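Spelled out from the first residue to the last, the chains are:
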Amino acid sequence: MMVTVNPCFHWIGYHLTSSLLQEGIEVIGIDPIVDAKSDLLYMYVGRNSNFQHFFQRSDKENHVQQSKDEWEVDLVDGGLLVRQGDEERDWIELPLLYGEWMDIQTTGVQEKEELVQWIMEHQAIYIGNFLETFMGNFLDHQPLDIQQRVEDKDIITERVDALWNCEQLLRKI
């Protein structure tokens, strides 16, 4: 199985790419790497022998022949478009997600505690929980059924600490 992820260094695309690689799946990532965050995220997956990176889809098409068992996952307009070959398989509307490497500015919060409150008020789903469900269903070719998990404030706070550390790292580079 081979999966193309586009864009692979958007924070959601990065987590998807990383999850697929952890499952031993060959991943082709498409991303122009236009900022420091993309460049940094490339460093986390770029050495994996199951990962190939192309700046544009046309580069990939010129170097890799598409096969029937190749899947494509494109992050588009707040959702994931999943295709196999030329056939659209699924459109998955993304729930409100949070996790490491997300763009915190989109939430309008300035402090960690505000982000914890934002997550709880909006019942945002942790990216790892979302991908656990997505990966299980994707690998089994089953429809995606996202179950809302009520998370304890301590767990959310711990995850926000990790997210905040990522944000601080990005500010340094």
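See the structure printed just above.
What you see is a predicted model, and the numbers here were worked out from it, not measured in a lab.

A.B. asks: Mind laying out empty space enclosed by the protein, listing which residues take part and the relevant values?
C.D. replies: Applying the stated criterion across every chain, the model contains 1 cavity of 30 Å³ or more. Taken as a whole, the largest cavity spans an internal volume of roughly 50 Å³. In terms of lining residues, the largest cavity is bounded by Val5, Asn6, Pro7, Ile12, Gly13, Leu16, Val73, Asp74, Leu75 and Leu80. Elements with a contribution of two residues or more to the lining of the largest cavity: β1 (2-6), α1 (11-22) and β4 (70-76). When grouped by side-chain class, the residues that make up the lining of the largest cavity number 7 nonpolar, 2 polar and 1 charged.

A.B. asks: Please give an account of the pattern of salt bridges that cites residues and values.
C.D. replies: All told, the structure shown has 9 salt bridges when counted by the stated rule. One salt bridge connects lysine 153 with glutamate 113, and the closest N-O pair in it is separated by 3.4 Å. Highlighted residues: lysine 153 in helix α6 (residues 153-172) and glutamate 113 in helix α4 (residues 112-122), separated in sequence by 40 residues. Given the relative accessible area of 43%, glutamate 113 is considered partly exposed. Residues joined in a network through salt bridges with shared partners are Arg57, Glu72, Asp74 and Arg83.

A.B. asks: Could you give an account of the packing of α4 against α6, with specific residues and numbers?
C.D. replies: At a minimum axis distance of 10 Å, the contact between α4 and α6 shows a crossing angle of 125°. Regarding the angle of α4 to α6, the classification is oblique. Seen along the crossing, α4 lies across α6 with a hand that is right-handed. Residues Lys112, Glu113, Leu115, Val116, Gln117, Ile119 and Met120 of α4 pack against Lys153, Ile156, Thr157, Val160, Asp161, Leu163 and Trp164 of α6. The residue makeup of the contact of α4 with α6, split by class, is 8 nonpolar, 2 polar and 4 charged.

Each value, and the rule that gives it
Residues numbered from 1 in each chain as written. Predicted model: local features only at pLDDT ≥ 70, side-chain atom pairs only at ≥ 80, totals over all residues. Heavy atoms only, no water. 1 Å grid on protein atoms, 1.4 Å probe; cavity = no way out; pocket = protein on both sides within 12 Å on 5 of 7 lines; lining within 4 Å. Points joined across faces, edges and corners; volume = space filled by probe spheres on them. Helix = DSSP H or I, 4+ residues; strand = E, 2+ residues; numbered from the N terminus. Nonpolar A, V, L, I, M, F, W, Y, C, P; charged D, E, K, R; others polar. Salt bridge = Lys/Arg side-chain N within 4 Å of Asp/Glu carboxyl O. Buried < 20%, exposed > 50% of the residue type's maximum accessible area, 1.4 Å probe, protein only. Axes fitted to C-alpha atoms, helices over the stretch in contact; angles between N-to-C directions. Parallel < 35°, antiparallel > 145°, perpendicular 65-115°, else oblique. Left-handed = near helix turned anticlockwise from the far one by under 90°. Contact = heavy atoms within 4.5 Å.

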